[in-house]
Amino acid sequence: MNNPFRALKYLPWSALVLSAGLTVLIATAIDILLWYAIAAVPQLGNALLTSPILQIILFVGAFFGIGALSIVVTSRFFRQVLLQANTMWALIGCVLLLLWVKSISPGIPALFLRGLDSISLVAVVVGAFTYGKRYWR
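So, here is what we can say about the structure in this document. (Residues numbered from 1 in each chain as written. Predicted model: local features only at pLDDT ≥ 70, side-chain atom pairs only at ≥ 80, totals over all residues. Heavy atoms only, no water.)

## Digging into the layout of surface pockets
In this structure, the largest pocket encloses a volume near 190 Å³. As for the largest pocket, its lining consists of Ala27, Ile30, Asp31, Leu34, Leu58, Gly61, Ala62, Gly65, Ile66, Leu69, Phe112 and Leu113. At six residues, the largest contribution of residues to the lining of the largest pocket is made by helix α3 (residues 52-77). For the lining of the largest pocket, the per-class residue count stands at nine nonpolar, two polar and one charged. (1 Å grid on protein atoms, 1.4 Å probe; cavity = no way out; pocket = protein on both sides within 12 Å on 5 of 7 lines; lining within 4 Å. Points joined across faces, edges and corners; volume = space filled by probe spheres on them. Helix = DSSP H or I, 4+ residues; strand = E, 2+ residues; numbered from the N terminus. Nonpolar A, V, L, I, M, F, W, Y, C, P; charged D, E, K, R; others polar.)

## A few points about the packing of aromatic side chains
Throughout the structure, instances matching the rule amount to three aromatic pairs. Ring centres of Phe59 and Phe63 lie 5.0 Å apart, and the angle between their planes is 70°; on these two criteria the pair is classed as edge-to-face. Separated by four residues within a single helix, Phe59 and Phe63 lie in helix α3, roughly one turn from each other. Lying across the ring of Tyr131, Arg134 places its NZ or CZ 5.8 Å from the centre. (Phe/Tyr/Trp six-rings, centres within 6.5 Å; stacked < 30°, edge-to-face > 60°. Lys NZ or Arg CZ within 6 Å of the ring centre and 35° of its normal.)

## Remarks on empty space enclosed by the protein
Tallied over the full model, the rule gives one cavity of 30 Å³ or more. One number sums up the size of the largest cavity: a volume of about 40 Å³. Together, Phe63, Leu99, Lys102, Ser103, Leu113, Arg114, Gly115 and Leu116 line the largest cavity. Here the lining of the largest cavity takes three residues from helix α4 (residues 85-104), the largest share from any one element.

This is the structure:
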């Protein structure tokens, strides 16, 4: 009988974890810059954070953007990784793992990247596979 997990050991895990780390680092930097921008300009904070619908849209959009950013970072900076469906799933797993580690780490301020739930998980997957549509095959 064929082992379905055999292909996992042949994936470029070190490059995928580095790519996911760079993605989470960039997203965290953008999140912290937005946090400081909202603190510096209170009118911006009132406009963005008073509407519950807009907060949900921004929260989902942030995680959608992380999924798309992970594909961009991997395709631009880690050219040795052949992006296919299996490597995209592995990259998503690495991104989600590092987002979880970031969310349990104390001392990192977060505006939109607070924690992982089912909505953020789906948004990362949809963002990655929407942007990486040409790499599916």
